[in-house]
Amino acid sequence: MTKGKIYQSLAGFYDVHTADDKVYRTRARGNFRKRKITPLVGDDVEFQIEDGDKGYILEILPRKNSLVRPPIANIDQAIVTTAATQPEFSSNLLDRQLIALEISQIQPIIYFTKTDLLSESKRQELATIAADYAKIPYEVILPDSAFSDEALNRLRKLFSKKENVIMGQTGAGKSTLLNHLAPNLDLKTGEISAALNRGKHTTRRVALLNVNDGLIADTPGFSSYDTLDIDFRELAGYFPEFKRASSKCRFRGCMHVNEPDCEVKRQVESGQIMKSRYENYLQLYTDIKNRKPNYKK
Ligand SMILES: Nc1nc2c(ncn2[C@@H]2O[C@H](COP(=O)(O)OP(=O)(O)O)[C@@H](O)[C@H]2O)c(=O)[nH]1
Ligand SMILES: [Mg+2]
Ligand SMILES: [Zn+2]
């Protein structure tokens with residue numbers, strides 16, 4: 001039996017890379033399938049070689065974490081590619097991604113794309129938003145000019161030696177960003193209109209790429225969201241700045257909604273906590289609280 005890591009998944013095949021840099025095209029055959037486990041890109045696996053460069057996966061080694069959207073395992077860090085415009089910046093979309101990452105204990109890096117398309121006043125607005133996210137604190141990269149060397153070098157430094165994933169809405173600029181990081185990748189970009197015309201993603205492919213000493217997964221992007229698989233009472237804990245403030249709320253277990261003497265609400269009033277984050281919190285809180293129980297679990 002041989003050990004390796006899944007670098008790519010496509011149409012039921014998994015490309016497994018071994019430590020000696022060989023690649024095997026495999027299928028899933030192991031016992032794990034009975035446990036309803038599907039191999040994911042990023043999985044460390046044990047597999048059996050067959051016919052030289054083919055094989056089948058027998059075992060999936062324990063995962064550190066995994067994401068549903070994009071489907072990937074054992075991630076340290078995620079670059080949340082966020083369009084400053086085209087599509088319009090949405091704090092709701094950004095916060096949902098940040099929460100999903102907090103739940104999976106993956107470190108987010110917020111990278112703003114398309115900053116070159118902003119008017120000066122819009123740029124100022126975004127700079128304030130970026131500074132507020134940096135205070136939470138999140139790692140935020142707002143390039144002075146699109147794909148400036150400074151921005152790219154900061155990103156390269158942050159993700160070397162780690163397993164990273166690039167995420168974000170379709171058309172946010174994920175593939176373009178990766179091409180700037182490593183021009184030899186030559187990834188296809190601008191597939192958004194074709195994707196929309198056909199009413200589905202152009203590609204379901206998820207692949208790990210070697211970039212500057214780190215691994216990074218390009219992903220197809222998404223047009224909608226999965227509901228967050230958490231209890232509404234947990235939600236505030238995934239907002240680092242709420243969690244910090246909550247020690248000063250009058251009630252232990254304060255949900256920061258209707259309770260009196262709530263420090264989170266106080267900090268929203270004083271501007272220490274972003275109003276948009278609090279509004280997104282309330283919206284998600286209500287959504288999660290009102291949704292029907294999931295009987296599949
Ligand atoms: N002006 C401008 N266009 C960008 C930028 N980043 C991406 N684009 C364009 O936006 C479109 C979608 O980019 P793509 O990388 O395919 O997005 P993906 O779906 O997230 O992989 C393409 O036409 C890119 O050329 C940017 O920073 N500035
Ligand atoms: Mg792409
Ligand atoms: Zn509170």
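Rules of the game
Residues numbered from 1 in each chain as written. Chains lettered and ligands numbered in written order. Predicted model: local features only at pLDDT ≥ 70, side-chain atom pairs only at ≥ 80, totals over all residues. Heavy atoms only, no water. Salt bridge = Lys/Arg side-chain N within 4 Å of Asp/Glu carboxyl O. Helix = DSSP H or I, 4+ residues; strand = E, 2+ residues; numbered from the N terminus. Buried < 20%, exposed > 50% of the residue type's maximum accessible area, 1.4 Å probe, protein only. Donors = N, O, S within 2.8 Å, 3.2 Å for Na, K, Ca; no water. Tetrahedral: all angles 85-135°; square planar, octahedral: opposite > 155°, others 65-115°. Core = buried A, V, L, I, M, F, W, Y, C linked by side-chain atoms within 4.5 Å. Domains from an automatic or database assignment. Near = heavy atom within 4 Å. Polar contact = N/O pair within 3.5 Å; in protein donor to acceptor, adjacent residues only side chain to side chain. Areas by Shrake-Rupley, 256 points an atom, 1.4 Å probe, with all protein chains shown as cover. Nonpolar A, V, L, I, M, F, W, Y, C, P; charged D, E, K, R; others polar. Phe/Tyr/Trp six-rings, centres within 6.5 Å; stacked < 30°, edge-to-face > 60°. Expected span 1.5 Å × (residues − 1). Contact = heavy atoms within 4.5 Å. UniProt positions renumbered as here; feature names shortened; annotations may be inferred.

S.K.: How do you make sense of the pattern of salt bridges when you look at a structure like this?
M.R.: As a working rule, side chains carrying opposite charge can pair if their charged atoms are close by. Scanning the model with the defined rule gives 21 salt bridges in all. One salt bridge in this structure joins K5 and E163, with 2.9 Å as the shortest N-O distance. Here E163 lies in strand 11 (residues 163-167) and K5 lies in strand 1 (residues 2-10), a separation of 158 residues in the sequence. Judged by relative accessible area, E163 falls into the buried class, the value being 7%. Notably, a salt bridge pairs D261 with R250, separated by 3.6 Å at the nearest N-O pair. Note that D261 is positioned in the loop between helix 6 (240-245) and helix 7 (263-270) and R250 in the loop between helix 6 and helix 7, a separation of 11 residues in sequence. A relative accessible area of 38% places D261 in the partly exposed class. Here the residues in one salt-bridge network are R250, D261, E263 and R266, joined through shared partners.

S.K.: Would you mind showing me how to read the coordination of the zinc ion (ligand 3) here?
M.R.: Put simply, a metal with four donors set out as a tetrahedron has ideal angles of 109.5 degrees, and one with six donors set out as an octahedron has ideal angles of 90 or 180 degrees. Protein-derived coordination of the zinc ion (ligand 3) comes from C249 (SG), C254 (SG), H256 (ND1) and C262 (SG), at a distance range of 2.1 to 2.4 Å. Because the angles between the 4 donor atoms bound to the zinc ion (ligand 3) fall within 104 to 114 degrees, the donor set is best described as tetrahedral. Between the donor residues of the zinc ion (ligand 3), the gaps in sequence give the motif C-x4-C-x1-H-x5-C. Judged on exposure class, the residue H256 and its partner C262 are both buried.

S.K.: Teacher, can you tell me more about the nonpolar core here?
M.R.: Generally speaking, a soluble globular protein has its nonpolar side chains buried in company with each other. Among the nonpolar cores identified, the biggest contains 39 residues, and I72, I110 and Y133 are the most heavily contacted of them. Lining this core are residues from two domains, each supplying at least three of them: domain 1 (2-62) and domain 2 (67-218). C249, C254, V264 and V268 belong to the second-largest nonpolar core, a separate cluster that totals 22 residues.

S.K.: Where do I start with unusual backbone geometry in this structure?
M.R.: A cis geometry characterises the amide bond from Q86 onward to P87, with omega recorded as 0 degrees. Here the amide bond leading from I136 into P137 is cis, since omega sits at 5 degrees, within 30 degrees of zero. Inspection of the secondary structure assignment puts P137 in the loop between helix 2 (120-135) and strand 10 (139-141). In this structure, K114 is a non-glycine residue whose phi angle is positive, near 65 degrees. Tracing the backbone through its elements, the reader meets K114 in the loop between strand 9 (107-113) and helix 2. The backbone of K161 shows a phi angle near 65 degrees, a positive value even though the residue is not glycine. Along the chain, K161 turns up in the loop between helix 3 (149-159) and strand 11. Using a relative accessible area of 66% as the deciding quantity, one classes K161 as exposed.

S.K.: Help me understand the site of ligand 1, please; the structure alone is not making it clear to me.
M.R.: The local shell around ligand 1 holds 15 residues, among which D116, G171, K174, T176 and G190 are the closest. In the model, an oxygen atom of ligand 1 is placed 3.0 Å from a nitrogen or oxygen of the G173 main chain. In this structure, K174 approaches ligand 1 through a side-chain N or O atom, which is 2.7 Å from an oxygen atom. In isolation ligand 1 has 580 Å² of accessible area, and contact with the protein removes 76% of it. Residue composition of the shell around ligand 1, grouped by class: 4 nonpolar, 8 polar and 3 charged.

S.K.: Sorry if this is basic, but what is going on with the packing of aromatic side chains here?
M.R.: The geometry of an aromatic ring pair is captured by two quantities: the separation of the ring centres and the angle between the planes. Going through the model one piece at a time under the given rule, you end up with 9 aromatic pairs. Taking 5.4 Å as the distance between ring centres and 90 degrees as the angle between the ring planes, the aromatic pair formed by F232 and Y285 counts as edge-to-face. Of this pair, F232 sits in the loop between strand 13 (214-218) and helix 6 while Y285 sits in helix 8 (residues 275-290); the two residues are 53 residues apart in sequence, bridging distant segments of the chain. A residue is classified by how much of its surface remains accessible, and Y285, at 8% relative accessible area, is buried. For the ring pair F239 and Y281, a centre distance of 5.5 Å and an interplane angle of 85 degrees mean the geometry is edge-to-face.

S.K.: Even after reading the chapter, I still don't get helix 1 (residues 91-103), so can you show me in this structure?
M.R.: Taking 1.5 Å per residue, 13 residues should reach 18 Å; helix 1 reaches 18 Å between its end C-alpha atoms and fits that length. Summarising burial for helix 1: 10 of the 13 residues are buried, a large majority. Taken together, the buried positions of helix 1 are occupied by S91, N92, L93, L94, D95, R96, Q97, L98, I99 and L101. The secondary structure elements touched by the buried residues of helix 1 are strand 6 (66-67), strand 8 (77-83), strand 9, helix 2, strand 11 and helix 8. Among the residues trailing helix 1, Q105 stands out with phi positive, at a value near 55 degrees.

S.K.: How do you make sense of the UniProt feature "binding site: Zn(2+)" (unreviewed entry) in the protein when you look at a structure like this?
M.R.: Per the UniProt record, "binding site: Zn(2+)" (unreviewed entry) is annotated on C249, C254, H256 and C262. For C254, the location among the structural elements is in the loop between helix 6 and helix 7. Taking the relative accessible area as the measure of exposure, C254 reaches 8% and is therefore buried. In this view, C254 contacts C249, E259 and C262; residues no more than four positions away in its chain are not counted. Considering the arrangement of structural elements, one finds H256 in the loop between helix 6 and helix 7. H256 sits in the buried class, given a relative accessible area of 2%. Not counting the four nearest positions on each side in its chain, H256 is found in contact with A236, F242, S246, C249, C262, V264, K265, Y278, Y281 and L282.

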